[in-house]
Amino acid sequence: MQARPALFPALLAQRCPVCRRGAIFSGWLALHPACPECGLRFERESGYFLVAVLIGYMVGIVVLVPVCVMLFLQGAAVTTVLAVLCSTSLILAPVIHRYARVLWLYVDQQLHPRTEVS
Ligand SMILES: [Zn+2]
């Protein structure tokens, strides 16, 4: 049996938090219902990913507030700042969405470990 991949590379590669091999996403934004490798069901219950939405908001704020402050300090117009914020948000939204869910899966796995398969 092969050793389980390291946690951080598996998180960055968006792999299952238990086996760290199976892909979490089946498309751009669509999750696999269960890990293709070990069968772990990703969504434990209805509303499970609401915490991931909060994580996404926090990451968005952490990324966008410094950009906004930097633009204001450089004397940019409000419309320019809004245009940059809107375009940056649209570009980053899929990436933040995916990593917020992956991060929540890994945090939840650390808080409430599970090894069962569906
Ligand atoms: Zn797995």
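Let us look at the structure shown here. (Residues numbered from 1 in each chain as written. Predicted model: local features only at pLDDT ≥ 70, side-chain atom pairs only at ≥ 80, totals over all residues. Heavy atoms only, no water.)

## Brief notes about the coordination of the zinc ion
- Protein-derived ligands of the zinc ion are C16 (SG), C19 (SG), C35 (SG) and C38 (SG), with the metal-ligand distances lying across 2.3 to 2.4 Å.
- In this structure, the zinc ion is coordinated by 4 donor atoms arranged in tetrahedral fashion, with angles at the metal of 103 to 118°.
- Among the residues examined, C35 registers a relative accessible area of 5% and is labelled buried. (Donors = N, O, S within 2.8 Å, 3.2 Å for Na, K, Ca; no water. Tetrahedral: all angles 85-135°; square planar, octahedral: opposite > 155°, others 65-115°. Buried < 20%, exposed > 50% of the residue type's maximum accessible area, 1.4 Å probe, protein only.)

## Thoughts on the packing of aromatic side chains
- Taken as a whole and assessed by the stated rule, the structure comprises 2 aromatic pairs.
- Here Y48 and F49 contribute two aromatic rings whose centre-to-centre distance is 4.9 Å and whose plane-to-plane angle is 80°, an arrangement assigned as edge-to-face.
- Overall, the relative accessible area of 6% leaves Y48 in the buried class.
- Seen from their ring centres, Y48 and W104 are 5.8 Å apart, and the 45° between their planes marks the pair as tilted. Taken together, the residues Y48 in the loop between α1 (7-12) and α2 (50-73) and W104 in helix α3 (residues 78-111) connect sequence positions 56 residues apart.
- Through a chain of ring-to-ring contacts, three or more aromatic side chains come together here, namely Y48, F49 and W104.
- Positioned above the aromatic ring of F25 is the side chain of R98, whose terminal nitrogen or guanidinium carbon lies 4.2 Å from the ring centre. (Phe/Tyr/Trp six-rings, centres within 6.5 Å; stacked < 30°, edge-to-face > 60°. Helix = DSSP H or I, 4+ residues; strand = E, 2+ residues; numbered from the N terminus. Lys NZ or Arg CZ within 6 Å of the ring centre and 35° of its normal.)

## A few points about the side chain of Q14
- As for its position among the elements, Q14 is in the loop between α1 and α2.
- Judged by relative accessible area, which is 9%, Q14 ranks as buried.
- Not counting chain neighbours up to four residues away, the residues in contact with Q14 comprise G22, A23, I24, F25, R98, Y99 and V102. (Contact = heavy atoms within 4.5 Å.)

## A short note on the environment of A3
- Mapped onto the fold, A3 is located in the segment before α1.
- Look at A3 and you get exposed, because its relative accessible area is 67%.
- Note: C-alpha distance between A3 and W104 (101 residues apart in sequence) is 24 Å.

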